[in-house]
Amino acid sequence: MNTTTPFKRHYVAIIGGSISGSEAANILAKNGFKVVVFEMNKLPYGKIEDGLPKWHINLRNRQINEIDSKLDQENIQFVPITKIGKDIDFLDLVNNWGFSAIILANGAWEDRVLPILAINKFINKELVYQNSFIYWFNHKHEKKYDGINYSVKNNTIIVGGGLASLDVVKIVMIELVKKQLFVKKGIEIDLFTLEKEGVNTILEKYNVDFNELEIEKAKLIYRRTAKDMPLKSPKDDTLESIETAKNVSEKLLNKYQEKYLFEFVPLSIPIDFVEKDGKLTEIIFQKVQVENGKIKPIENNFFNIKTEMVISSIGSIPEKINGLQYDYSSLKMREEADYHVFGFDNVFAIGNAVTGRGNIQESKKHGHQMTEKIIDKHLTEEAFEEWLINHNEQIRSKVVDQLDSIVKEISVAKIQPESIIQEIINKTNAIHDKIGFKNYSNWTHKNMPVRLEALLKK
């Protein structure tokens, strides 16, 4: 227990332990609250672990260390492998566990559905969604990996825009080139080298013509132009700043194409598919134009692209939890506060758990918006690290502001009797006993994945 701040006899549940969840837990714990952090995965690192491609080694490790420092303290109980809505019913958690407050910090893990009727029948065959694809890429080297295995195809289509989509197309081209360099030329290059130096530079270094690899370039299909990609935010609302940001986004995309040798197809939306013998073989696109910022389909202007693999990268939304109300895909919030969940006195939401009006979508922006420094330094690891650190500071600042208001509401609530506090402890201890959890540091050390970079050094 924190010896400088007396225990306020309030227990708070936080759902999700990553950036915003760990920040909230840390603030509450240091202010004398006891906290239980429920995490659906073995580890609390969220998309730092499972959504950020594994070549971001230093960035990932620094963010993981920061999360660890916040969660590994006496006033916090970490409860992994426990999904609210599945392992524990949400309304049961609200009504029967006895928490003074419940804070949703569970992020955005559900892919937006590719808007083509009936196409989801091809999921994990010819159709793959971004979150599961990145998870596979990050963990497929592990001996104990038991997830879905994907095989990157030679004529892959990626639908989407933003930096997340660029990460996907980079993975596709790196995987294809890495494989074919070995098959055709006997040249073995690790993915970290390919990512850092770029496909084009590596081919020039080994005097290999791209056509010799017999690779058909991946195609990134976007509904707007390169200038419209959300890669750089304008500094302000002036026309000059907006145009500067658009030019930077276009420049960045061009650098990506030059470095990783993929194709970019703008102003196109997927509308249908062609199926043969039960397999998806083509995607039908319609050309569009942008008028006053809105997308307008062009009549009778269609084209087909043959493909064996379609990766949808059109954004993520929070997975819906039974018992909560939603406005379409957005968690419904009270109008008077952007942190207070509609329909409950003691349920709140922070970070990516909130979408739509009053959200903190800035925490990831679905496209990992870039700063000027990253552009200037051509996407170096150091620049990206500095961006994420600065960006996470914005998340923390927003979470702190919200936590101040949440703490005030919790503090005036009726304090919990010892019997309820003990019941919470008993229930969490039962989960710990079931999964073999002893303490936070022991658990994270035991379950930390084997890093590919460590294997390559052997």
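Residues numbered from 1 in each chain as written. Predicted model: local features only at pLDDT ≥ 70, side-chain atom pairs only at ≥ 80, totals over all residues. Heavy atoms only, no water.

Draft legend 1. Looking closely at the confidence of the model for the protein chain. The predicted model of the protein chain averages 86 in pLDDT, with 88% of residues at 70 or higher. Here residues 355-384 scores under 50 on pLDDT; set against residues more than four positions off or in separate chains, the count is 81 contacts. (pLDDT = per-residue confidence, 0-100. Contact = heavy atoms within 4.5 Å.)

Draft legend 2. The arrangement of the sheet that holds strand β8 (residues 219-221) in detail. In spatial order, the strands read β6-β13-β7-β8-β9; together these 5 strands make up an open sheet with parallel pairing. In this open sheet, the two edge strands, each paired with only one partner strand, are β6 (127-129) and β9 (263-265). Strand after strand, the sheet turns through a mean of 25 degrees between neighbouring axes, direction not considered. Each of β7 (156-160), β8 and β13 (309-313) touches helix α6 (residues 163-185); the most contacted strand, β7, lies at about 170 degrees to it. (Pairing = 2+ DSSP bridges. Helix = DSSP H or I, 4+ residues; strand = E, 2+ residues; numbered from the N terminus. Axes fitted to C-alpha atoms, helices over the stretch in contact; angles between N-to-C directions.)

Draft legend 3. Broad picture of the sheet that holds strand β10 (residues 268-276). The strand order across the open sheet formed by 3 strands is β10-β11-β12, and the pairing between neighbours is antiparallel. For this open sheet the edge positions go to β10 and β12 (294-306), each flanked by a neighbour on one side alone. Averaged over all pairs of adjacent strands, the angle between strand axes in this sheet comes to 25 degrees, irrespective of strand direction. Where β10 and strand β11 (residues 279-291) come together, 8 bridges link them in antiparallel fashion. Bridged to valine 274 within β11 is glutamate 282.

Draft legend 4. Structural detail: the pairing of β12. Looking at chain direction, β11 and β12 are connected through 9 bridges and run antiparallel. When the bridges of β12 are listed, isoleucine 283 appears paired with isoleucine 305.

Draft legend 5. View of unusual backbone geometry. Here the phi dihedral of asparagine 124 falls at roughly 65 degrees; this positive angle occurs in a residue that is not glycine. One can find asparagine 124 in the loop between β5 (110-111) and β6. Despite not being glycine, leucine 261 has its phi angle at roughly 60 degrees, a positive value. Leucine 261 gets classed as buried once you look at its relative accessible area, which sits at 13%. (Buried < 20%, exposed > 50% of the residue type's maximum accessible area, 1.4 Å probe, protein only.)

Draft legend 6. Expanded view of helix α12 (residues 418-435). The terminal C-alpha atoms of α12 lie 26 Å apart, and with 18 residues this matches the ideal 26 Å at 1.5 Å per residue to within 8%. Tucked inside the fold, the buried residues of α12 contact β1 (11-15), β2 (34-38) and β3 (76-79). Just beyond α12, the residue with positive phi is glycine 436, at close to 80 degrees. (Expected span 1.5 Å × (residues − 1).)

Draft legend 7. Inspection of the layout of surface pockets at higher detail. Looking at the largest pocket, its volume works out to about 1400 Å³. Along the walls of the largest pocket sit 39 residues, with Asn41, Asp50, Tyr135, His139 and Asp146 positioned nearest its centre. Elements represented by at least two residues in the lining of the largest pocket include exactly α2 (46-50), β5, α5 (130-139) and α13 (440-447). It is α5 that contributes the most residues to the lining of the largest pocket, 5 residues altogether. Its residues placed into classes, the lining of the largest pocket shows 15 nonpolar, 10 polar and 14 charged. (1 Å grid on protein atoms, 1.4 Å probe; cavity = no way out; pocket = protein on both sides within 12 Å on 5 of 7 lines; lining within 4 Å. Points joined across faces, edges and corners; volume = space filled by probe spheres on them. Nonpolar A, V, L, I, M, F, W, Y, C, P; charged D, E, K, R; others polar.)

Draft legend 8. Region of the structure containing empty space enclosed by the protein. Counted by the stated rule, this structure contains 3 cavities of 30 Å³ or more. When its volume is computed, the largest cavity comes out at roughly 90 Å³. What lines the largest cavity is a set of 13 residues, among which Glu49, Lys54, Arg60, Asn138 and Arg451 lie closest to the centre. Looking at the lining of the largest cavity, the elements with two or more residues in it are α5 and α14 (452-457). Among the residues making up the lining of the largest cavity, the classes are represented as 4 nonpolar, 3 polar and 6 charged.

Draft legend 9. Summary view of the nonpolar core. Of all hydrophobic cores here, the largest spans 49 residues; its most connected members are Phe133, Leu166, Val177, Leu181, Leu203 and Phe262. Sorting elements by how many residues they give to this core places α6 first, with 11 residues. In contact with leucine 181, other than residues within four places in its own chain, are Gly186, Ile187, Ile189, Ile202, Leu203, Val208 and Leu213. Formed by 33 residues, the second largest nonpolar core is a distinct cluster that contains Ala24, Phe33, Val35 and Tyr440. (Core = buried A, V, L, I, M, F, W, Y, C linked by side-chain atoms within 4.5 Å.)

Draft legend 10. Quick look at the environment of asparagine 352. Of note, asparagine 352 is situated in the loop between β17 (347-349) and α10 (372-376). Expressed as a C-alpha distance, the spacing of asparagine 352 and tryptophan 109, which sit 243 residues apart in the sequence, is 9.4 Å.

Draft legend 11. Summary view of a positive patch on the surface. On the surface, a cluster of positive charge is made up of Lys42, Lys144, Lys438 and Lys446. Mapped onto the fold, lysine 42 is located in the loop between β2 and α2. (Patch = residues over 30% accessible without salt bridge, like charges linked within 9 Å, V, L, I, M, F, W, Y side chains within 5 Å. Areas by Shrake-Rupley, 256 points an atom, 1.4 Å probe, with all protein chains shown as cover. Salt bridge = Lys/Arg side-chain N within 4 Å of Asp/Glu carboxyl O. Lys, Arg positive; Asp, Glu negative; His and termini not counted. Charge placed at Lys NZ, Arg CZ, Asp CG, Glu CD.)

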